[in-house]
Amino acid sequence: MSSHTVYRLTSRNGFDGIEAFQEPIPVISKHEVLIKVRGIGLNYRDIATALGTLPLTIKDRVVPCSDMAGEIAQVGAGVEDFSVGDHVTCPVSPVVLYGPVKDEDHTLGGTIDGVMREYIALPAHTIVKLPSSSHSFVEWGAVVTTASTVWNAFYGHAPLKPGQTVLVLGTGGVSLTALIFAKAAGATTIITSSSDEKLRHVKAKYGVTHTINYKSHPDWAAEIKRITNDRGVDHIIEVGGVGTMGQSLQCVSMGGVVSAIGFLSALPSDEMPDVTFLTIIKGAILRGILAGSKQQLEEAVQFIAAKDLPVPVDRIFKFDREGIIAAFKHVASGEHTGKVCISVD
Ligand SMILES: NC(=O)c1ccc[n+]([C@@H]2O[C@H](COP(=O)([O-])OP(=O)(O)OC[C@H]3O[C@@H](n4cnc5c(N)ncnc54)[C@H](OP(=O)(O)O)[C@@H]3O)[C@@H](O)[C@H]2O)c1
């Protein structure tokens, strides 16, 4: 077999631009490995990329998505650390081995072709060997961006400690991964959602200390201060952006950490929160997070395997055009809780 199926975004104004192509299977160089992709996880970023709403540079006719897990099919003559059959994944920016992401760094499914294909060739030093565990390829593919981002938020600067309180906003992939990590680290957890049904589901499936519906409690920061006896929360996984940052800074504890990760909400510009003043009066750490390095991904997957943590997979779709478009639409609908995935088996 010399060709394989590759999906590309032929336009960036909707999901119909996702098209299948038969292309030659990459020929690996001396220091590369060829990976048979087995599981793919979607992120909100992939949906924004396909819709043309992501304010970042995107390669023309890019192969979408950054998160995959698979099996090594071939190793280059100079590769010593990996063998055919090894189970592996790779970080969102394969060039970021450690330390902060730099602005010239390449991102899979962004400035370089991503993982929505049967085979991908990568330099051996960029990939992460998966620990033996009960997790499936789809589950490992689901955690790449979320686990490395959350690990960066919790351990990249002021580390999360047992007994602290963590707030996660909404029930998307980043937030549920953060909830699972925080609980396993011994934290008290608080989650918000627009839906009581989703909150009931998350409480039953993953366990959480407090739940708040941000639609029925539009002043949810006040509710958090009430729950925490006015102390506030130590770490906030801030995925809302401009529409939630004001309240996040109101309910962060003195000296607490707000990890600015996402931009899911909007506010009229005349209602912008005074982020500087709110950060100063809390003595808070407001830290921007740009995914995670290879090292952070490696540490996060070890944590998941060692603690046998659940991976919050919502639905798995097929690796065909219809399945992929349905998966993109499902994330865009906001009906999911956690991760939406593609199985390439
Ligand atoms: N900086 C980074 O490196 C990085 C890495 C990964 C993701 N991100 C960003 O983080 C954000 C989340 O990504 P994701 O993949 O987890 O998205 P996702 O799975 O699509 O999560 C969407 C969920 O967020 C919740 N939400 C939407 N608007 C909200 C609001 N105003 N307040 C609170 N929750 C709200 C909703 O939960 P309910 O339905 O329960 O209300 C929604 O279902 C995105 O903006 C993404 O681009 C950034």
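What you see is a predicted model; the values in this text were computed from it and never measured. (Residues numbered from 1 in each chain as written. Predicted model: local features only at pLDDT ≥ 70, side-chain atom pairs only at ≥ 80, totals over all residues. Heavy atoms only, no water.)

Right, let's talk about the overall build of the chain for a bit. On a plain count of helices and strands, the chain comes out with nine helices and 15 strands. Principal-axis analysis of the C-alpha atoms gives the chain an extent of 65 × 40 × 40 Å. With 30 positive and 35 negative side-chain charges, the chain shows a separation of 3 Å between the mean positions of the two kinds. (Helix = DSSP H or I, 4+ residues; strand = E, 2+ residues; numbered from the N terminus. Lys, Arg positive; Asp, Glu negative; His and termini not counted. Charge placed at Lys NZ, Arg CZ, Asp CG, Glu CD.)

Through backbone hydrogen bonds, the strands of a sheet pair up, either in parallel or in antiparallel fashion. The six strands are arranged β10-β9-β8-β11-β12-β13 in an open sheet whose pairing can be described as parallel. Both outer strands of the open sheet, β10 (210-213) and β13 (285-288), are each paired with one neighbouring strand and no more. Across this sheet, the average inter-strand angle for adjacent strands is 15°, counted without regard to direction. Strand direction decides the pairing type here: strand β11 (residues 233-238) and strand β12 (residues 252-260), joined by five bridges, are parallel. Bridge pairing in β12 links Val233 to Val252. (Pairing = 2+ DSSP bridges. Axes fitted to C-alpha atoms, helices over the stretch in contact; angles between N-to-C directions.)

The next subject is the packing of helix α2 (residues 137-155) against helix α3 (residues 173-184). The geometry of α2 relative to α3 is characterised by a closest axis approach of 9 Å and an angle of 55° between their N-to-C directions. On the basis of their axis angle, the class for α2 and α3 is oblique. Of the two elements, α2 crosses α3, and the hand of that crossing is right-handed. Listed contacts from α3 to Thr146, Ala147, Val150, Trp151 and Phe154 of α2 are Gly173, Val174, Thr177, Ala178, Phe181 and Ala182. Each residue belonging to the contact of α2 with α3 can be placed in one class, and the counts come to eight nonpolar, three polar and no charged. (Parallel < 35°, antiparallel > 145°, perpendicular 65-115°, else oblique. Left-handed = near helix turned anticlockwise from the far one by under 90°. Contact = heavy atoms within 4.5 Å. Nonpolar A, V, L, I, M, F, W, Y, C, P; charged D, E, K, R; others polar.)

Moving on: the nonpolar core. In this structure, Phe154, Leu167, Phe181 and Ile237 are the most contacted members of the largest nonpolar core, which totals 63 residues. Here this core spans two domains, since at least three of its residues come from each of domain 1 (3-148 + 292-343) and domain 2 (149-288). Sequence-distant contacts of Ile237, defined by excluding residues within four places in its chain, comprise Ala153, Phe154, Leu167, Val168, Leu169, Val174, Ala178, Ser259 and Ile261. (Core = buried A, V, L, I, M, F, W, Y, C linked by side-chain atoms within 4.5 Å. Buried < 20%, exposed > 50% of the residue type's maximum accessible area, 1.4 Å probe, protein only. Domains from an automatic or database assignment.)

Lining the immediate environment of the ligand, one finds 26 residues, of which Thr171, Ser193, Tyr214, Ile289 and Ala291 sit closest. A distance of 2.8 Å separates an oxygen atom of the ligand from a polar atom in the side chain of Lys198. Ile289 places a polar main-chain atom, nitrogen or oxygen, 2.7 Å from a nitrogen atom of the ligand. Contact with the protein chains hides 88% of the accessible area of the ligand, taken as 930 Å² for the molecule alone. Contributing elements (two or more residues each) for the shell around the ligand: α2 and α3. Here the residues of the shell around the ligand sort into 12 nonpolar, 13 polar and one charged. Of the domains in this structure, domain 1 (3-148 + 292-343) and domain 2 (149-288) are the two that each give at least three residues to the shell around the ligand. (Near = heavy atom within 4 Å. Polar contact = N/O pair within 3.5 Å; in protein donor to acceptor, adjacent residues only side chain to side chain. Areas by Shrake-Rupley, 256 points an atom, 1.4 Å probe, with all protein chains shown as cover.)

Turning to the domain arrangement of the chain, a few remarks are in order. When the parts of a complex come together, some accessible area is lost, and that lost area is often taken as the interface size. Each assigned domain of the chain is listed here: domain 1 (3-148 + 292-343) and domain 2 (149-288). Relative to domain 2, the C-alpha centre of domain 1 lies at a distance of 27 Å. Taken together, the contact between domain 1 and domain 2 spans 24 residues of the former and 21 residues of the latter. Around 1800 Å² of area is buried between domain 1 and domain 2 when both sides are counted, 66% of it from carbon and sulfur atoms. (Buried area = accessible area lost by both parts, 1.4 Å probe.)

By the element assignment, Thr188 lies in strand β9 (residues 188-193). Judged by relative accessible area, which is 28%, Thr188 ranks as partly exposed. The spacing of Thr188 and Gln164 is 24 residues in sequence and 6.2 Å in space, taken between C-alpha atoms. The contact partners of Thr188, leaving out residues within four places of it in the chain, are Gln164, Thr165, Val166, Thr209 and His210.

Looking now at the state of the cysteines. Taken as a whole and judged by the stated rule, the model has zero disulfides. Cys65 provides the cysteine sulfur closest to Cys90, a residue in no disulfide bond, and the two sulfurs are 13 Å apart. Between Cys341, a free cysteine, and Cys65, which holds the nearest cysteine sulfur, the sulfur-to-sulfur gap is 10 Å. For Cys341, a relative accessible area of 0% corresponds to the buried category. (Disulfide = S-S within 2.5 Å.)

All chains considered together, the criterion is met by eight aromatic pairs. Ring geometry for Phe154 against Tyr155: centres 6.3 Å apart, planes inclined by 75°, an arrangement best described as edge-to-face. The class of Tyr155 is partly exposed, set by a relative accessible area of 28%. Geometrically, the ring pair formed by Phe181 and Phe303 is edge-to-face, given 5.3 Å between the ring centres and 90° between the ring planes. Taken as a pair, Phe181 in helix α3 and Phe303 in helix α8 (residues 294-306) lie far apart in primary sequence, 122 residues in all. Exposure remark for Phe181: the relative accessible area of 3% places this residue in the buried category. Residue classification places Phe303 among the buried positions, given a relative accessible area of 14%. Feature note: the residues Trp151, Phe154, Tyr155, Phe181 and Phe303 constitute an aromatic cluster, connected by ring pairs. If you follow Lys36 out to its NZ or CZ, it ends over the ring of Tyr119, 5.8 Å from the centre. (Phe/Tyr/Trp six-rings, centres within 6.5 Å; stacked < 30°, edge-to-face > 60°. Lys NZ or Arg CZ within 6 Å of the ring centre and 35° of its normal.)

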